[in-house]
Amino acid sequence: MTPTPPSERTRVRRYNWLARYDRDTIVAILDAIPHCHIGYVADGQPLVTPTLHWREGDQLYWHGSAASRMIRAIEGAEVCLTVSAIDGLVMARSAFNFNVNHRSVMVFGRPSKVTDPAAKEAHLRTMVNRLIPGQWERLRPMKPNELEATTVMSMPFDEASAKVRVGPPEDDETDYAFPVWAGVIPIRTEVLAPEPDPRNLPGVEMPAEALAFRP
């Protein structure tokens, strides 16, 4: 585990014992949670946009409409990308000590636009196939105007920190004698059975990889 944060702005100050700066923890969280939030400033206003992200090596990628406000605002500008998951509600013996078991990553950086059309299409293929293996090859090929209308952004995650909390409540020692139930209610994201489009063509079967989907 890296003992120090990569920069002062990534240093976790509140609940700093939950901080993780090692690459393995950060990568595991980024790969386990396919959606992120991009924080940025546009026209002097702070905004946060949710989107899908994916990782290739030491780079993070996300996409958006070439005409979107986010894309126009973030190229070459500082952004903060966050991912998070709640794994449990921690019911303590006092409201002050209520908490959640969670995993989160915060990444700072300046994203750049992928300008080469072939590279952009390759990254989009990775995104689709990362979710459902082999799905890109089953799809109707992307049209040139669709590729042109889509922007792919790239950013390294070398300036990042993670926070991870697990386990039971952490109450004040005197509160353990207070007669109220305490514990953890686990929370998980559940994948349900696929629901077919009613306009599917006859004889078109669902790929086995769709049944195996896990976020």
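Located above this text is the structure these notes cover.
Note that the coordinates shown come from a computational prediction; the quantities given were computed from them, not determined experimentally.

Each value, and the rule that gives it
- Residues numbered from 1 in each chain as written.
- Predicted model: local features only at pLDDT ≥ 70, side-chain atom pairs only at ≥ 80, totals over all residues.
- Heavy atoms only, no water.
- Core = buried A, V, L, I, M, F, W, Y, C linked by side-chain atoms within 4.5 Å.
- Buried < 20%, exposed > 50% of the residue type's maximum accessible area, 1.4 Å probe, protein only.
- Helix = DSSP H or I, 4+ residues; strand = E, 2+ residues; numbered from the N terminus.
- Expected span 1.5 Å × (residues − 1).
- Contact = heavy atoms within 4.5 Å.
- Patch = residues over 30% accessible without salt bridge, like charges linked within 9 Å, V, L, I, M, F, W, Y side chains within 5 Å.
- Areas by Shrake-Rupley, 256 points an atom, 1.4 Å probe, with all protein chains shown as cover.
- Salt bridge = Lys/Arg side-chain N within 4 Å of Asp/Glu carboxyl O.

Within the largest apolar cluster, 28 residues are counted, with the highest numbers of intra-cluster contacts made by Ile38, Tyr40, Trp62, Leu81, Val83, Val105 and Val107. Elements with a minimum of two residues in this core: helix H1 (23-32), strand E2 (35-42), strand E4 (59-65), helix H2 (69-74), strand E5 (79-91), strand E6 (99-109), strand E8 (150-156) and strand E9 (160-165). Within the second largest apolar cluster, 9 residues are counted, among which are Tyr61, Val128, Leu147 and Val152.

This brings us to helix H3 (residues 117-131). The first and last C-alpha atoms of H3 sit 22 Å apart over 15 residues, in line with the 21 Å expected at 1.5 Å per residue. The set of residues buried in H3 consists of Lys120, His123, Leu124, Met127, Val128 and Asn129. Of the surrounding elements, those touching the buried residues of H3 are strand E3 (45-56), E4, helix H4 (135-138), helix H5 (144-148) and E8.

The grouping of Ile86, Leu89, Phe98, Ile185 and Ile187 at the surface amounts to a nonpolar patch, some 410 Å² of accessible area in total. The residue Ile86 is located in strand E5 in this model. For Ile86, a relative accessible area of 49% gives the class partly exposed.

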